[in-house]
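Here are the chains, one letter per residue:
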Amino acid sequence: MPAPSPTATHDDGGRRAFLKGAALAAGASLVLPSATVSADPRPLTDAEKATRLASNTYPIKDLFKRRPDPTATPEQVQAAIAMKKKYRELTMLDFPQFTIDTFPGVRKMDLWSALFGDITDDAMFRKTTREYGPGDWYEFDPSTTAAKRWLDTFASRLVTTGVACHHVSNNAPRNISHLDPALRREGIGIAKVWLDACKVLGAKSMRVNVGGPDIAPSATNATGFPRNDEVVKYLRNAIESFKEMADYGGKVGVKVTIENHWGISADPMNLRIIFDEVNHPYCEASPDFGNWEHEYMLHHGLHALMPYTHTTVHAKYWSRWESLDVQRCVRILNNGGFKGAIALEYEAGPWDGVEGATRLMKEVLAAL
């Protein structure tokens, strides 16, 4: 269906940072002086710019046919019902055509792992404990016969629509830096099974969360000078885990990426340590514009990860940050020589997920 024409909203303050920047000169507030400028010999056409983008399932997760979430509030349930009524209900098999209809010229997708599979067929899911909140969770298991059949069907749909699975934002492999060796091994094993699935779909990269505590351990001052031995334990485990997953990713041709989520991955210095220590062409960053701990990281953190960022990033508008400048972030990518895909991950604000993602698309295109 055609992209919607979002209605006006009274929340001018919430969108100020999102919409500003169109009048800024290309060099203003660009990046730190150390950035490497890599300019194209001519400006990109609108069609060429669109090929640099990827649609994203996460902003429109409420449109997808899913099992009831026992932790959802009544307001969240009603919001999901309203979204489906306004647009339509989707499954992952519908998303390639939805991408064509909603994002003109975009032919790449960034897919959230929680939306994989046919929920009417329990044979392609495994029952597990929830990562957050009480209750059980049914998670797509690519190793099952039913799941493999579904993956083949989805791969055929990609061929017929001409839309590519570029990146999988994966929450299934967990405990990658956990101090319990058994839990860490389980997480690595799940990541490998998913890398096999990504190969079937032709994905270029797959995110794996670092895991560990939601908030990274802080330094203590027991000896008169700050020291943080606790965070080193998680970093060491993460490094060893990503070395193994990168080796496997190299065999199947899918890069393993780390996004700046929570815990130790929320600090760009920790991520640089992991990437430098792993030192593997199939382990790299997939930074998100908004997933940082404080406002000074919004642009400086992205800049710090540019040497490790080659395949995928998440462009984001998120109303929790007034100072998040989407166009400035895109210019950081440009000046860092990034040529990969920019996925449109609208998080939260005055619009619904479809409206927000289409507005975000305009902002990204304006700065490419």
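Heads up: the structure comes first, above all this text.
Residues numbered from 1 in each chain as written. Predicted model: local features only at pLDDT ≥ 70, side-chain atom pairs only at ≥ 80, totals over all residues. Heavy atoms only, no water.

(A) Fine view of helix 8 (residues 268–278). Taken together, the buried positions of helix 8 are occupied by Pro-268, Asn-270, Leu-271, Ile-274, Phe-275 and Val-278. Around the axis of helix 8, the buried residues are gathered within 155 degrees of arc, so they sit on the same side. Buried residues in helix 8 make contact with helix 7 (229–252), strand 7 (255–258), strand 8 (283–285) and helix 9 (297–305). Measuring from the side-chain oxygen of the N-cap residue of helix 8 to the backbone nitrogen of Met-269 gives 2.8 Å; that N-cap residue is Asp-267. At the C-terminal side of helix 8, Asn-279 shows a positive phi close to 50 degrees. (Buried < 20%, exposed > 50% of the residue type's maximum accessible area, 1.4 Å probe, protein only. Helix = DSSP H or I, 4+ residues; strand = E, 2+ residues; numbered from the N terminus. Arc of directions from axis to C-beta. Contact = heavy atoms within 4.5 Å. Polar contact = N/O pair within 3.5 Å; in protein donor to acceptor, adjacent residues only side chain to side chain.)

(B) Just the packing of aromatic side chains, in detail. One pass over the structure, following the stated rule, counts 15 aromatic pairs. Aromatic side chains Tyr-58 and Trp-112 sit 5.0 Å apart centroid to centroid with 80 degrees between the ring planes, which places their arrangement in the edge-to-face category. Taken together, the residues Tyr-58 in the loop between strand 1 (53–56) and helix 3 (74–86) and Trp-112 in strand 2 (residues 108–112) connect sequence positions 54 residues apart. Assessed through its relative accessible area of 22%, Tyr-58 is described here as partly exposed. (Phe/Tyr/Trp six-rings, centres within 6.5 Å; stacked < 30°, edge-to-face > 60°.)

(C) Expanded view of helix 6 (residues 181–201). Taking 1.5 Å as the rise per residue, helix 6 with 21 residues should run 30 Å; its terminal C-alpha atoms sit 31 Å apart, in good agreement. Looking at where helix 6 begins, the residue whose side-chain oxygen comes 2.9 Å from the main-chain nitrogen of Ala-182 is Asp-180. A positive backbone phi angle near 80 degrees is found at Gly-202, which sits one or two residues after helix 6. (Expected span 1.5 Å × (residues − 1).)

(D) View of the nonpolar core. Judged by nonpolar contacts, the single largest core of 96 residues is most densely connected at Phe-116, Phe-242 and Val-364. Per-element tally for this core: the top contributor is helix 7, with nine residues. For Phe-242, the contacting residues outside a window of four places in its chain are Ile-176, Val-208, Val-210, Val-256, Thr-257, Ile-258, Val-278 and Cys-283. (Core = buried A, V, L, I, M, F, W, Y, C linked by side-chain atoms within 4.5 Å.)

(E) Geometry of the environment of Asp-267. Along the chain, Asp-267 turns up in the loop between strand 7 and helix 8. Overall, Asp-267 belongs to the partly exposed group, its relative accessible area being 29%. When the C-alpha atoms of Asp-267 and Ala-216 are compared, they prove to be 8.8 Å apart, with 51 residues separating the residues in sequence.

(F) Region of the structure containing the packing of helix 8 against helix 9. For the pair helix 8 and helix 9, interaxial distance at closest approach is 9 Å and the crossing angle is 10 degrees. With respect to their mutual orientation, helix 8 and helix 9 come out roughly parallel. For the pair helix 8 and helix 9, the contacting residues are Pro-268, Leu-271, Arg-272 and Phe-275 in the first and Met-297, Gly-301, Ala-304 and Leu-305 in the second. Taken together, the residues of the contact of helix 8 with helix 9 break down into six nonpolar, one polar and one charged. (Axes fitted to C-alpha atoms, helices over the stretch in contact; angles between N-to-C directions. Parallel < 35°, antiparallel > 145°, perpendicular 65-115°, else oblique. Nonpolar A, V, L, I, M, F, W, Y, C, P; charged D, E, K, R; others polar.)

Without other data, these values stay purely geometric and don't point to any function.
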